[in-house]
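Chains, contacts and geometry: an overview
Residue-level listing of the chains:
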Amino acid sequence: MATQITKETIIGDILDIAPEAAPLFLSIGMHCLGCPSSRGETVEEACMVHGIDSDAFLTQLNHFIAASQAAK
């Protein structure tokens with residue numbers, strides 16, 4: 001079953017289910033993936049703080065995770 005990430009999904013939860021997505025976060029300036037904030041911050045909150053369009057990032061993230069899961 002494909003994982004669907006939403007604006008309300010917690011960054012830490014994404015990394016738990018798809019650690020291979022970390023480079024996507026790093027590429028847009030979200031370098032604190034291991035910090036405590038990532039365990040309570042949603043995708044929408046993180047995008048807002050980093051000045052990233054959350055809808056565009058979610059599209060990219062969901063496509064990446066779906067492709068990664070299909071390859072397994």
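Just above, that's the structure.
Calculation notes
Position numbers for residues start from 1 in each chain and track the written sequence from start to end. Reporting in this predicted model follows two pLDDT cut-offs: at least 70 for local features of residues, and 80 or more for side-chain atom pairs to be given and counted; totals over whole chains, interfaces and linings ignore these cut-offs and use all residues. As a rule here, side-chain values cover all heavy atoms of the structure and leave hydrogens and water aside. Under the DSSP-based scheme used, a helix requires at least four consecutive residues in state H or I and a strand at least two consecutive residues in state E, with every element numbered from the N terminus. It only takes one pair of heavy atoms within 4.5 Å for two residues to be counted as in contact. Each nonpolar core is a collection of buried residues, namely Ala, Val, Leu, Ile, Met, Phe, Trp, Tyr and Cys, held together in the definition by side-chain atoms within 4.5 Å. Under the scheme applied here, a residue whose accessible area is under 20% of the maximum for its type counts as buried, over 50% as exposed, and between as partly exposed, the area being computed with a 1.4 Å probe on protein chains only. Between Lys or Arg on one side and Asp or Glu on the other, a salt bridge is scored when a side-chain nitrogen of the former is within 4 Å of a carboxyl oxygen of the latter.

1. Here we look at the overall build of the protein
Secondary structure assignment for the protein yields 4 helices and 0 strands. Expressed along its principal axes, the backbone C-alpha trace of the protein runs to roughly 30 × 25 × 20 Å. For the protein, the share of sequence-separated contacts (at least 6 apart) that also reach a separation of at least 24 residues comes to 68%.

2. With respect to the nonpolar core
Core analysis: the biggest nonpolar cluster contains 18 residues, and F25, V43 and L61 have the highest contact counts within it. Put simply, the parts of the chain that give this core at least two residues each are α1 (11-17), α2 (22-27), α3 (43-50) and α4 (54-71). No other element matches α4, which puts 4 residues into this core. In this structure L61 touches I5, I14, A21, L24 and F25, once residues within four positions along its chain are discounted.

3. Thoughts on the pattern of salt bridges
For the structure shown, the criterion picks out 2 salt bridges. K7 serves as the salt-bridge partner of D55, at 3.2 Å between the closest nitrogen and oxygen. Taken together, the positions of D55 in helix α4 and K7 in the segment before α1 put the pair 48 residues apart, joining distant regions of the chain. Accessibility expressed as a relative area gives 25% for K7, which makes it partly exposed. One salt bridge connects R39 with D16, and the closest N-O pair in it is separated by 2.9 Å. Of this pair, R39 sits in the loop between α2 and α3 while D16 sits in helix α1; the two residues are 23 residues apart in sequence, bridging distant segments of the chain. With relative accessibility at 48%, the residue R39 sits in the partly exposed group. Note on D16: relative accessible area 51%, which makes it exposed.

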